[in-house]
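# Observations on the model geometry
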Amino acid sequence: MAEHTRRSVLFVCLGNICRSPLAEGVFRWHVERAGLSDRIFIDSAGTGDWHVGDPPDPRAQACARRNGIDISNQRARQFEVGDFDRFDRILAMDETNRRDILRLARNEADRRRVRLLLDYAPHQPSREVPDPYFGGEAGFQHVFSLIDTACRNLIAEIRRELVGG
Ligand code: 4NP
């Protein structure tokens, strides 16, 4: 029963301080707007552990704020094997993140949960959300725009699954 009425989405990047916190914040915004907050569980994680416990990068926070979203309360954590049991969609920002997640998969059921976020943005020329860490403000806005496009399609797909239409 439960799997028909609820969904769970985990966004994963390398550090969990730039891209995946933005994706978590943007997707949460779309989920709230769709009135599905009580049916979709959302989180983000990093494949690396360097920033565990840290808030999002100030540039990611500023980018989110410019776009009307507050991500300041998020704290970084590392992806763990148990996430395969807790999340039915595990969405990686780039191919390296996806490969690192798949390396921890225990079986085919685990592997099936893992996709690239930009699989939900099929008209974008690239399949990867580029790492903005060593770039400037424009890089963050580009990342935001890619993430937002994918999150709009993702909420539409989940909405169809949960509500129909
Ligand atoms: P993210 O960006 O994976 O989008 O959070 C990065 C953050 C930190 C580092 C690399 C990428 N780092 O090397 O510390």
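See above for the structure.
What counts and what doesn't
Residues numbered from 1 in each chain as written. Predicted model: local features only at pLDDT ≥ 70, side-chain atom pairs only at ≥ 80, totals over all residues. Heavy atoms only, no water. Helix = DSSP H or I, 4+ residues; strand = E, 2+ residues; numbered from the N terminus. Rg over C-alpha atoms; globule rule 2.2 N^0.38 Å. Buried < 20%, exposed > 50% of the residue type's maximum accessible area, 1.4 Å probe, protein only. Right-handed = clockwise from strand over helix to strand, strands pointing away. Pairing = 2+ DSSP bridges. Core = buried A, V, L, I, M, F, W, Y, C linked by side-chain atoms within 4.5 Å. Contact = heavy atoms within 4.5 Å. Near = heavy atom within 4 Å. Polar contact = N/O pair within 3.5 Å; in protein donor to acceptor, adjacent residues only side chain to side chain. Areas by Shrake-Rupley, 256 points an atom, 1.4 Å probe, with all protein chains shown as cover. Salt bridge = Lys/Arg side-chain N within 4 Å of Asp/Glu carboxyl O. Phe/Tyr/Trp six-rings, centres within 6.5 Å; stacked < 30°, edge-to-face > 60°. Lys NZ or Arg CZ within 6 Å of the ring centre and 35° of its normal.

## Regarding the overall build of the protein
From N to C terminus, the protein includes seven helices and four strands. Element order for the protein, N to C, with α for helix and β for strand: α-β-α-β-α-α-β-α-α-β-α. At 15 Å, the protein has a C-alpha radius of gyration in line with the 15 Å of a compact globule built from 165 residues. Principal axes of the C-alpha set define a box for the protein whose edges measure 45 × 35 × 30 Å. Every one of the 165 residues in the protein was classed for burial, and the buried ones make up 45%.

## A closer look at the pairing of strand 1 (residues 7-13)
Counting buried residues in strand 1 gives seven out of seven residues, a clear majority hidden from the surface. Neither face of strand 1 is open: one carries Arg7, Val9, Phe11 and Cys13, the other Ser8, Leu10 and Val12, and all of them are buried. Regarding topology, helix 2 (residues 19-33) serves as the crossover connection from strand 1 to the parallel strand 2 (residues 40-46), and that connection is right-handed. Relative to strand 3 (residues 89-92), strand 1 runs parallel, the two sharing four bridges. Paired with valine 12 across the strands is alanine 92, a residue of strand 3.

## Considering the nonpolar core
Phe11, Leu22, Phe27, Ile40 and Ile147 are the most contacted members of the largest nonpolar core, which has 37 residues in total. Broken down by secondary-structure element, the contributors of at least two residues to this core are strand 1, helix 2, strand 2, helix 3 (58-66) and helix 7 (137-163). The dominant element in this core, judged by the number of residues it contributes, is helix 7, at 11 residues. With residues up to four places along the chain from it excluded, the contact list for phenylalanine 27 reads Val9, Phe11, Ile40, Ile42, Cys151, Leu154, Ile155 and Ile158. Ranked by size, the runner-up nonpolar core spans 12 residues in total, among them Val12, Phe79, Ile90 and Leu116.

## A few points about the site of the ligand
Surveying the vicinity of the ligand reveals the residues Cys13, Leu14, Gly15, Asn16, Ile17, Cys18, Arg19, His51, Asp131 and Tyr133. Between the ligand and glycine 15 there is a distance of 2.8 Å, counted from an oxygen atom to a backbone nitrogen or oxygen. Considering the ligand on its own, with 350 Å² of exposed area, one finds that the protein chains cover 90% of that surface.

## Some details on the pattern of salt bridges
Tallied over the entire structure, the rule returns 20 salt bridges. The closest approach of N and O atoms between arginine 59 and aspartate 57, which form a salt bridge, is 2.9 Å. Arginine 59 sits in the partly exposed class, given a relative accessible area of 29%. Among the ionic pairs, arginine 103 bridges to aspartate 100, the shortest N-O distance being 3.0 Å. Salt bridges sharing common partners tie together Asp43, Arg77, Glu80, Asp83 and Arg86.

## Section: the packing of aromatic side chains
For the structure on display, the rule yields four aromatic pairs. Aromatic pair phenylalanine 11 and phenylalanine 27: ring centres 5.6 Å apart, planes at 70°, arrangement edge-to-face. Here phenylalanine 27 lies in helix 2 and phenylalanine 11 lies in strand 1, a separation of 16 residues in the sequence. Arranged with centres 4.9 Å apart and planes meeting at 80°, the rings of tyrosine 133 and phenylalanine 134 form a pair that is edge-to-face. Under the relative-accessibility criterion, tyrosine 133 is labelled partly exposed at 31%. The cationic tip of arginine 115 hangs over the ring face of tyrosine 120; the distance from NZ or CZ to the ring centre is 4.9 Å.

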